[in-house]
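Chain by chain, the residues run as shown.
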Amino acid sequence: FMRPRPAEIFFKEDVTATGPGLPSGHSERVFSGAVILSSFYKRMKIPLYILALLVAFSRIYIGVHYPIDALIGTLNGIIIGYIVLNLPTEKLQKKLEKFGRKL
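Let me begin by describing the structure that accompanies this report. (Residues numbered from 1 in each chain as written. Predicted model: local features only at pLDDT ≥ 70, side-chain atom pairs only at ≥ 80, totals over all residues. Heavy atoms only, no water.)

### A few points about the overall build of the chain
In step 1: Helix and strand counts for the chain come out as 5 helices and 0 strands.
In step 2: In the chain, 65% of the contacts between residues at least 6 apart in sequence involve partners at least 24 apart. (Helix = DSSP H or I, 4+ residues; strand = E, 2+ residues; numbered from the N terminus. Contact = heavy atoms within 4.5 Å.)

### Focus on helix α4 (residues 67-85)
Residues that lie three or four places apart on an α-helix share one face, since the helix turns once every 3.6 residues.
In step 1: For α4, spanning 19 residues, the distance from its first C-alpha to its last is 27 Å, which sits close to the expected 27 Å at 1.5 Å a residue.
In step 2: Turning to α4, its buried residues number three or more, namely Asp69, Ala70, Gly73, Thr74, Gly77 and Gly81. The arc that holds every buried residue of α4, seen down its axis, measures 130°, which confines them to one face.
In step 3: Tucked inside the fold, the buried residues of α4 contact α2 (25-40) and α3 (45-61). (Expected span 1.5 Å × (residues − 1). Buried < 20%, exposed > 50% of the residue type's maximum accessible area, 1.4 Å probe, protein only. Arc of directions from axis to C-beta.)

### Describing the environment of Ile68
In step 1: Looking at where Ile68 falls in the secondary structure, it is placed in helix α4.
In step 2: Residue classification places Ile68 among the partly exposed residues on the basis of a relative accessible area of 43%.
In step 3: Between the alpha carbons of Ile68 and Leu22 there is a distance of 7.9 Å; along the sequence they are 46 residues apart.

### Structural notes on the packing of α2 against α3
In step 1: The contact between α2 and α3 brings their axes to 9 Å, and the two run at 175°. Of the possible angle classes, the one that applies to α2 and α3 is roughly antiparallel. Along its contact with α2, which presents His26, Ser27, Val30, Phe31, Ala34, Val35, Leu37 and Ser38, the element α3 presents Lys45, Leu48, Tyr49, Ala52, Leu53, Val55, Ala56 and Arg59.
In step 2: Across the contact of α2 with α3, the residue classes tally to 11 nonpolar, 3 polar and 2 charged. (Axes fitted to C-alpha atoms, helices over the stretch in contact; angles between N-to-C directions. Parallel < 35°, antiparallel > 145°, perpendicular 65-115°, else oblique. Nonpolar A, V, L, I, M, F, W, Y, C, P; charged D, E, K, R; others polar.)

### A short note on a nonpolar patch on the surface
In step 1: On the surface, a cluster of nonpolar side chains totalling about 430 Å² of accessible area is made up of Ile79, Ile80, Ile83, Val84 and Leu87.
In step 2: By secondary structure assignment, the location of Ile83 is in helix α4. (Patch = residues over 30% accessible without salt bridge, like charges linked within 9 Å, V, L, I, M, F, W, Y side chains within 5 Å. Areas by Shrake-Rupley, 256 points an atom, 1.4 Å probe, with all protein chains shown as cover. Salt bridge = Lys/Arg side-chain N within 4 Å of Asp/Glu carboxyl O.)

### Concerning the packing of aromatic side chains
In step 1: Summed over the entire model, instances satisfying the criterion amount to 2 aromatic pairs.
In step 2: Relative to Tyr49, the ring of Phe31 lies with its centre 6.3 Å away and its plane at 50°, an arrangement referred to as tilted. Of this pair, Phe31 sits in helix α2 while Tyr49 sits in helix α3, placing them 18 residues apart in sequence. (Phe/Tyr/Trp six-rings, centres within 6.5 Å; stacked < 30°, edge-to-face > 60°.)

### A few points about the side chain of Thr74
In step 1: Looking at where Thr74 falls in the secondary structure, it is placed in helix α4.
In step 2: Relative accessible area serves as the criterion here: at 13%, Thr74 is assigned to the buried category.
In step 3: Among residues more than four places away in sequence, those in contact with Thr74 are Ser27, Phe31 and Ala56.

So this is what it looks like as structure tokens:
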């Protein structure tokens, strides 16, 4: 949603962020990455999620997102990560191999 960023409202600062503020794209991407990477690197699960939380918090702290923006970005990222992990890749792989043989 296009709306003024928190820093523009509360601190009257010009924010260089462009595009919609809801959801937080940074939060979305870092959490989807944490979900996907932690499924492959089990020992890195806690550090990955701590990093993701710090990124989401930083978006609020620097005034480019409201807390709800980061929260919805976080939830979207987690959902996207689980969707990516559960894609039916075996079927896709077989179709691609079959298509490659036709060429």
